[in-house]
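# Remarks on the overall topology
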Amino acid sequence: MIITLIKNTTLESGKKLVKGTNLGVVNEYGKKLVKAGNAVEFGAEAPVKIEDK
Amino acid sequence: MATTGIMNGTLLGVYAGSTLIAHATEGSISLSMDTRDATTKSSSGSRDLLEATKSGTISVSALYAEDAAYGVDDLMTSWAARTTLVVKFSTEVSGDHYWSASAYISSIEVSAGMEDNVTYSATFELTGAITYSAVA
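So, how was this worked out
Residues numbered from 1 in each chain as written. Chains lettered and ligands numbered in written order. Predicted model: local features only at pLDDT ≥ 70, side-chain atom pairs only at ≥ 80, totals over all residues. Contact = placed C-beta atoms within 7 Å. Helix = DSSP H or I, 4+ residues; strand = E, 2+ residues; numbered from the N terminus. Core = buried A, V, L, I, M, F, W, Y, C linked by C-beta atoms within 7 Å. Buried ≥ 20, exposed ≤ 12 C-beta atoms within 10 Å, placed from the backbone.

With that settled, the discussion passes to the interface of chain A and chain B. The interface of chain A with chain B comprises 13 residues on the first partner and twelve residues on the second. Residue assignment for the side of chain A that touches chain B shows that the elements contributing at least two residues are β4 (22-24) and α1 (27-35) of chain A.

Have a look at this one:
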């Protein structure tokens, strides 16, 4: 799957990638990054964080 | 759902670790099995063979970019450390088949022609069992 990083992320390999990077990853790893809130599936909008006033 | 019809080669990518090798233009897998010559005087003039070791390589060619999400820099790390990494040749489309195995990087070639894209190719020599299965 292709994902877009929504946070600066250090990959399993130790490589640091910046927010906004698009990259292809195996599905399991992509789902893990999405679940952790580090990425969204390519083309999807990043979740909007609603802050308390 | 698995890909239908004659597959477009663009769909199949080479993944090193969990990451797709970026800016790839070509990918391939080559599998083989050695054989043992078991020909004897009783073979009636025909060659008899028995099975021996299975092996394989995965190769990739790509355009070189310093800021690639996975590129020469990452391959060099594994090559220099002489460590194995998991390589996968896959579409990552559910139901499609993929090949995966541990591998050593046996070659990296970088080519820089005048007024042309810098390109590179890498070969992964597979070690241990080679998995051929369907993407979950």
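On to the nonpolar core, then. Val14, Ile21, Ala22 and Val87 of chain B are the most contacted members of the largest nonpolar core, which totals 33 residues. Secondary-structure elements contributing two or more residues to this core are β1 (2-5) of chain A together with β1 (13-16), β4 (49-63), β5 (85-90), β6 (97-112) and β7 (118-134) of chain B. Ranked by the residues each element gives to this core, the list is headed by β6 of chain B, at four residues.

Residues and elements named next belong to chain B. One non-glycine residue with positive phi stands out, namely Ser44, at about 55°. Residue placement: Ser44 occurs in the loop between β3 (24-37) and β4. With a phi angle near 50°, Glu115 is a residue other than glycine that sits in the positive phi range.

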